[in-house]
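# Residue-level structure breakdown
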Amino acid sequence: QVQLVESGGGLVQAGGSLRLSCAASERTFSNYVMGWFRQAPGKERDIVARIWSADSTSYADSVKGRFTISRDNAKNTVYLQMNSLKPEDTAVYYCAAGPRGIGSYSWQYDYWGQGTQVTVSS
């Protein structure tokens, strides 16, 4: 059982930045694909970014060039650096973990954090 704990959410003005962190309990953290998802009120939970390694990342079109996902396997932590934030980025952001080889669908991920709220004011 992998436990994931997100942190770093908050309220920020449009154009600002936030850095989300997700700490994992699992010693074999490096064996998991890590993803960041977000869910706005009344909407589906969608992929924001995923990472297997520094050379294997993918992003939703809406965040390309603004968000960067990274991981530190020594610290069992995955990060999401969010720059040039827009009001439409407002959502609860979730960290998720799944087995190697999975893609960007939420059903492919086995473990989830509790979520952290990101609110971007205009």
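Scroll up to find the structure this text is about.
Each chain has its residues counted from 1, following the order in which its sequence is written. For this predicted model, a pLDDT threshold of at least 70 governs which residues receive local features, and a threshold of 80 or more governs which side-chain atom pairs are given and counted, while totals over whole chains, interfaces and linings are taken from all residues. As a rule here, side-chain values cover all heavy atoms of the structure and leave hydrogens and water aside.

What follows deals with the pattern of salt bridges. The term salt bridge refers to a side-chain nitrogen of Lys or Arg lying within 4 Å of a carboxyl oxygen of Asp or Glu. One pass over the full model with this rule turns up 3 salt bridges. Taking the shortest distance from any N to any O, the salt bridge between Asp 89 and Arg 38 comes out at 2.9 Å. Taken together, the residues Asp 89 in the loop between β8 (77-82) and β9 (91-99) and Arg 38 in strand β4 (residues 32-39) connect sequence positions 51 residues apart. Of the two residues examined, Asp 89 and Arg 38, each falls in the buried class. Taking the shortest distance from any N to any O, the salt bridge between Lys 64 and Asp 61 comes out at 3.1 Å. With a relative accessible area of 65%, Asp 61 lands in the exposed category. Under the DSSP-based scheme used, a helix requires at least four consecutive residues in state H or I and a strand at least two consecutive residues in state E, with every element numbered from the N terminus. Residue burial is assigned from relative accessible area. The probe radius is 1.4 Å, only protein chains are included, and a residue is buried under 20% of its type maximum, exposed over 50%, and partly exposed in between.

The next point concerns the packing of aromatic side chains. Side-chain rings of Phe, Tyr and Trp, where Trp is taken by its six-membered ring, are said to pair if the distance between their centres is within 6.5 Å; with planes under 30 degrees apart they count as stacked, over 60 as edge-to-face, and otherwise as tilted. For the structure shown, the criterion picks out 6 aromatic pairs. Each ring, one from Phe 37 and one from Tyr 109, has its centre 5.1 Å from the other, and the planes form 80°; the classification is edge-to-face. On the criterion of sequence distance, the pair formed by Phe 37 in strand β4 and Tyr 109 in the loop between β9 and β10 (111-112) is long-range, its members being 72 residues apart. Here Phe 37 falls in the buried class, since its relative accessible area comes to 0%. Owing to a relative accessible area of 4%, Tyr 109 belongs among the buried residues under this scheme. Each ring, one from Tyr 94 and one from Trp 112, has its centre 6.4 Å from the other, and the planes form 75°; the classification is edge-to-face. Separated by 18 residues along the polypeptide, Tyr 94 in strand β9 and Trp 112 in strand β10 bring together distant segments of the chain. Here the aromatic cluster, defined as three or more aromatic residues joined through ring pairs, consists of Phe 37, Tyr 94, Tyr 109 and Trp 112. We call a charge positioned over a ring when the NZ of a Lys or the CZ of an Arg lies within 6 Å of the ring centre and within 35 degrees of the ring normal. We note Arg 45 situated over the ring of Tyr 94; from NZ or CZ to the ring centre the distance is 3.6 Å. Positioned over the ring face of Phe 29 is Arg 71, at 4.5 Å from the centre of the ring.

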